[in-house]
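# Commentary on secondary and tertiary structure
So the chains spell out like this:
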Amino acid sequence: MKTYDLERFKGITVAMYSCYDEKGEVSKEAAKKLARHYANIGVNGLYVGGSSGEGMLQNVEERKQTLEAVMEEVGQEMTIIAHVGAPSTRDSVELSKHAEQVGAHAISAVPSIYYRLSPQSVEHHWQQMIDSTSLPFIIYHIPQTTGFQLSKALLTKMAAQDKVIGVKISAESTFELQQFKAAGGDDFLVFNGPDEQYLAGRSIGADGGIGGTYGVMPELFMKIEQCYVEGKTEEARKWQFIVNDLIAELLSFPSLYGACKQILKLRGLNTGEARLPFLPVPEAEISRLEAINEKILSYINQAQV
Ligand SMILES: CC(=O)N[C@H](C=O)[C@@H](O)[C@H](O)[C@H](O)CO
Ligand SMILES: CC(=O)C(=O)O
């Protein structure tokens, strides 16, 4: 059995978006406001500095500032997972230590990016982070962006450590999700990555989800979760299908993050533009996005979680 409290990581964890000011600099104020917004909704946790958080587009100092803002605002109320993965092991370890200092509840990391690495290199990279703190560690498996195919053998080896409490799996294979859950065992958490298959992931063994589109509609994922837990399969499917049509629309913009951040802005939560190379929503498409926002808000209203 793991010695860490695993319960606190279950449920809906929003992969928080980046927060910048008008000049594109990290804004602690905007990050606090956004974190507060999710706490008020009753979201269980936040995943800070991951894909949606543009951690890979920020320097170490900016990533620290963002995490500090979140911890200061909601660190006592929500479960905060700090994504500390960076291309270099050195930066990743620095971010890991910082996450522990400011009180994050877990650290998580993708493999190093850009270089094609051996499994031994990735294992060592992760192990350095793990050994640098007493925090639990969550592997972030997202092969479509990192190019690294995590094997069941490496997963099993990693999961045998007390500190390695789970894996966030963004690969679009529920079979792989199920296999990883089986390999990790009952006291090993599996987080669904693809938001489009939250219900499928849960049904086949995921303990919860961490997602990039949750940020504009956490209520709808909380609704799917609630229906799932209550055994209301048909209703859960209905909400998953609604969510999927909305995601398909969001994915039709030049960048998903640009679209999601623009939606928040329409709701009075200004987090600045997505950082380039992620493109903002083109002027000509703002009205189409406004219509999508209205649609999401009306579903949120119907969901009543
Ligand atoms: C590939 C990728 O970034 N996956 C994200 C995290 O797992 C998801 O949350 C997606 O953003 C989401 O499912 C929309 O496709
Ligand atoms: C989607 C997700 O989990 C992330 O943005 O890191």
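This section reports on the structure supplied with the text. Everything numeric in this text was worked out from a predicted model, so none of it was measured.

## Topic: the site of ligand 1
Every residue close to ligand 1 is listed here: I142, Q144, K168, S170, G193, P194, D195, E196, G211, G212, T213 and L256. At a separation of 2.6 Å, an oxygen atom of ligand 1 approaches a polar side-chain atom of E196. In this structure, an oxygen atom belonging to ligand 1 sits 2.8 Å away from a main-chain N or O atom of G212. Contact with the protein chains hides 84% of the accessible area of ligand 1, taken as 390 Å² for the molecule alone. Residues belonging to the shell around ligand 1 are distributed by class as follows: 3 nonpolar, 6 polar and 3 charged.

## Topic: the environment of A274
Relative to the elements of secondary structure, A274 occurs in the loop between helix 11 (256-266) and helix 12 (286-303). Here A274 falls in the buried class, since its relative accessible area comes to 7%. Counting along the chain gives 18 residues from A274 to L256, while the straight-line C-alpha distance between them is 9.4 Å. If sequence neighbours within four positions are ignored, A274 has contacts with E54, Y257, G258 and K261.

## Focus: the site of ligand 2
Neighbouring residues of ligand 2: A15, Y47, G50, S51, S52, Y140, K168, I210, G211 and G212. S52 is positioned with one of its backbone polar atoms (N or O) 2.6 Å from an oxygen atom of ligand 2. At 2.8 Å from an oxygen atom of ligand 2 is found a side-chain nitrogen or oxygen belonging to K168. Starting from 210 Å² of accessible surface for ligand 2 in isolation, the protein chains cover 92%.

## Description of the nonpolar core
With 82 residues, the main nonpolar core has Y38, L46, W126 and M217 as its most contacted residues. Residues contacting M217, with those up to four places away along its chain left out, are V243, L246, I247, L250, I296 and I300.

## Examining helix 4 (residues 119-132)
An α-helix turns once every 3.6 residues. As a result, residues three or four positions apart point the same way. An ideal rise of 1.5 Å per residue puts 20 Å on 14 residues; helix 4 measures up with 20 Å between its terminal C-alpha atoms. Among the residues of helix 4, those classed as buried are V122, E123, H125, W126, Q127, M129, I130 and S132. Against the buried residues of helix 4 lie helix 3 (89-101), strand 4 (106-109), strand 5 (137-141), helix 6 (152-159) and strand 6 (164-169).

Definitions and limits used
- Residues numbered from 1 in each chain as written.
- Chains lettered and ligands numbered in written order.
- Predicted model: local features only at pLDDT ≥ 70, side-chain atom pairs only at ≥ 80, totals over all residues.
- Heavy atoms only, no water.
- Near = heavy atom within 4 Å.
- Polar contact = N/O pair within 3.5 Å; in protein donor to acceptor, adjacent residues only side chain to side chain.
- Areas by Shrake-Rupley, 256 points an atom, 1.4 Å probe, with all protein chains shown as cover.
- Nonpolar A, V, L, I, M, F, W, Y, C, P; charged D, E, K, R; others polar.
- Helix = DSSP H or I, 4+ residues; strand = E, 2+ residues; numbered from the N terminus.
- Buried < 20%, exposed > 50% of the residue type's maximum accessible area, 1.4 Å probe, protein only.
- Contact = heavy atoms within 4.5 Å.
- Core = buried A, V, L, I, M, F, W, Y, C linked by side-chain atoms within 4.5 Å.
- Expected span 1.5 Å × (residues − 1).

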